[in-house]
Amino acid sequence: MNLAIVGSGYVGLVTGACFAEVGHTVICVDNDLKKVHSLQDGHIPIYEPGLEELVKKNVAAGRLSFTTSIGDAVEASKVIFIAVPTPPQPDGSVDLSFVEGVAREVAVHIKEYRIIVDKSTVPVKTGEKVAQTISRYNPSADIDVVSNPEFLREGSAVEDLMKPDRIVVGVSSDRAIEPMKEIYTPFNAPIMVTDLNSAELIKHAANSFLALKISYINAVAAICEASGANIERVADGMGADKRIGRAFLNAGIGYGGSCFPKDISAFIRISRELGYQFHLLEEVERINADQAQRFLKKVRESLWVLRHKKIGVLGLAFKGNTDDVRSSVAIAIVQQLIAEGAEVKAYDPKAMDKAQLLIPGAKMVEKAEDVAEGADALLLLTEWTEFKPLPWQAMKKKMLSPLLFDGRNLLNPEELRALGFTYTSIGR
Ligand code: UDX
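Residues numbered from 1 in each chain as written. Predicted model: local features only at pLDDT ≥ 70, side-chain atom pairs only at ≥ 80, totals over all residues. Heavy atoms only, no water.

**Looking at helix H5 (residues 97-109)**
In this model H5 runs 19 Å from its N-terminal to its C-terminal C-alpha over 13 residues, within 8% of the 18 Å that 1.5 Å per residue would give. Considered for burial, the residues of H5 that qualify are Val 99, Val 102, Ala 103, Val 106 and Ala 107. Viewed along the axis of H5, the buried residues span an arc of 135°, placing them on a single side of the element. Packing partners of the buried residues in H5 comprise strand S1 (2-6), helix H4 (70-76), strand S4 (79-82), strand S5 (114-118) and helix H6 (126-137). (Helix = DSSP H or I, 4+ residues; strand = E, 2+ residues; numbered from the N terminus. Expected span 1.5 Å × (residues − 1). Buried < 20%, exposed > 50% of the residue type's maximum accessible area, 1.4 Å probe, protein only. Arc of directions from axis to C-beta. Contact = heavy atoms within 4.5 Å.)

**Examining the pairing of strand S10 (residues 343-347)**
Bridging between strand S9 (residues 310-314) and S10 involves 5 bridges; their strand directions are parallel. When the sheet's bridge partners are listed, Gly 312 is paired in S10 with Lys 345. In this region the chain leaves S9, passes through helix H13 (residues 329-339) and returns to the parallel neighbour S10; the handedness of that crossover is right-handed. In this view, the connection linking S10 to its parallel neighbour strand S11 (residues 363-364) by way of helix H14 (residues 352-358) has right-handed handedness. (Pairing = 2+ DSSP bridges. Right-handed = clockwise from strand over helix to strand, strands pointing away.)

**What to know about the site of the ligand**
By nearness alone, 19 residues border the ligand, and Leu 152, Glu 154, Phe 318, Lys 319 and Glu 383 come closest of all. In this structure, an oxygen atom belonging to the ligand sits 3.5 Å away from a main-chain N or O atom of Leu 249. Arg 408 places a side-chain nitrogen or oxygen 3.0 Å from an oxygen atom of the ligand. Here the ligand, which alone exposes 670 Å², has 94% of that area covered by the protein. (Near = heavy atom within 4 Å. Polar contact = N/O pair within 3.5 Å; in protein donor to acceptor, adjacent residues only side chain to side chain. Areas by Shrake-Rupley, 256 points an atom, 1.4 Å probe, with all protein chains shown as cover.)

**Comments concerning helix H3 (residues 51-60)**
Taken together, the buried positions of H3 are occupied by Leu 51, Leu 54, Val 55, Asn 58 and Val 59. Taken down its axis, H3 places every buried residue within 120° of arc, on the same side. Exposed residues on H3 whose side chains face more than 90 degrees from its buried face are Glu 53 and Ala 60. Along its buried surface, H3 packs onto helix H1 (10-21), helix H2 (33-40), strand S3 (64-67) and helix H7 (157-162). Immediately downstream of H3, the backbone of Gly 62 shows phi near 80°, a positive value.

**Section: unusual backbone geometry**
Note: most peptide bonds trans; most residues except glycine with negative phi. Positive phi, close to 90°, is recorded for Lys 125, a residue that is not glycine. Overall, the relative accessible area of 34% leaves Lys 125 in the partly exposed class. Despite not being glycine, Asn 409 has its phi angle at roughly 50°, a positive value. Turning to its location among the elements, Asn 409 is positioned in the loop between strand S13 (403-406) and helix H16 (413-418). Asn 409 gets classed as buried once you look at its relative accessible area, which sits at 9%.

**Quick look at the layout of surface pockets**
Each pocket or cavity is described by its volume, and for the second largest pocket that value is around 250 Å³. Lining the second largest pocket are 14 residues, and of these Tyr 255, Asn 288, Ala 289, Ser 327 and Val 329 lie nearest its centre. Counting residues per element, the ones that place at least two in the lining of the second largest pocket are helix H12 (279-303) and H13. Taken together, the residues that form the lining of the second largest pocket break down as 8 nonpolar, 5 polar and 1 charged. (1 Å grid on protein atoms, 1.4 Å probe; cavity = no way out; pocket = protein on both sides within 12 Å on 5 of 7 lines; lining within 4 Å. Points joined across faces, edges and corners; volume = space filled by probe spheres on them. Nonpolar A, V, L, I, M, F, W, Y, C, P; charged D, E, K, R; others polar.)

**Digging into the pattern of salt bridges**
Working definition: two side chains of opposite charge can pair if their charged atoms are close together. Summed over all chains, the structure comprises 27 salt bridges. The partner of Glu 232 in a salt bridge is Arg 428, and the shortest N-O contact between them spans 3.3 Å. Of this pair, Glu 232 sits in helix H10 (residues 231-239) while Arg 428 is found in the segment after strand S14 (422-424), placing the two residues 196 residues apart along the sequence. Glu 232 gets classed as partly exposed once you look at its relative accessible area, which sits at 23%. For Asp 241, the salt bridge identified is with Arg 243, shortest N-O distance 2.8 Å. For Asp 241, a relative accessible area of 24% translates into the label partly exposed. Overlapping salt bridges bring together Asp 91, Arg 269 and Glu 273 as one network. (Salt bridge = Lys/Arg side-chain N within 4 Å of Asp/Glu carboxyl O.)

Below, the structure written as structure tokens:
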């Protein structure tokens, strides 16, 4: 099928590449001409495993192209996906001006039946507003609006999209169901058809529930620390219950990224607007914010004063396998260390360029082991698996004092302690 995707950011680009991979003809639209040219040449502005190969392959096969023209894309495509950013505003609500702008622009180009699909994460009832906007700017437009939220995780976005657990399709009219099923049949996943509002809610409710699992296990980790229990054993024991599941029960310095912090506060906000005070999610946010502070407190308790202390930091991205530093807890911790006068040397396999802009006071080093040179303490802040086999013994020798704070429970406590580290992690 001929498909258009408006917005070639994270979601739009991965979605477009995967749709092309299963045989659809996809036009990706972006208003940044330079970006469009470089994408057409196969240059990907983000680090995402497998994406570059997919884009190059499908551009070469003629199934994937990039343009700045919404008009051309709307004319050529029966289904138009909106995948533009929905950034947070200072009051916790979502800025929907990009979605609204695309709806207006798409509207004026519609000449025959089109399906407009919202892929961006939006508050419930946004689809209704998109439909109203299109009708206002083109009263004769024959359209259906669909909500089709994405559930991809950065770092495994291609795999998540190619092998989804489920596809959620929220429709306002039955006419849109068959074309949507046709698009997704090649992905061999259950397709769940709902009404528009339910589909929008599924996304916010799912992300909030995952964040709730993380805050829950982080709260239990605090009890483990106070009682001498081990959070990993507790999480394994809980997670073995199929009704609970082990995923997203990894204790750490808290969740970050471009989705969870934004989506949870947007969900709290929209709930309030609809007359429900979502105290449970407010507590999820509070526990999450507290997690970084609890971690910093442990560092302060060991080092006493942070001023002029040399601190080596491993990991800056908001999680492993990505170069994304948006709302990264690691960055927030480094900012705090620098504010308190510490001298920070940091390393991340992919995120150093983006991180440097946010933490200009930190010195980036070329190799992970270099953060140990003369360090009073090491802080592991991102769950990159490649940190596990670092030459810890050699690193310890380079340090002033062998303090190691593992904010992601990535390393084996017994092994690190056997090497002579004073090793501290979360809840174990
Ligand atoms: C998330 C959702 O998983 C995805 O379905 C949605 O489409 C977008 O938001 P993403 O932000 O890429 O994806 O990252 P995710 O893997 O969910 O991790 C989010 C944060 O939670 C990271 O900071 C991660 O380190 C943290 N996390 C995750 C934990 O602290 N513990 C866990 O057990 C899992």
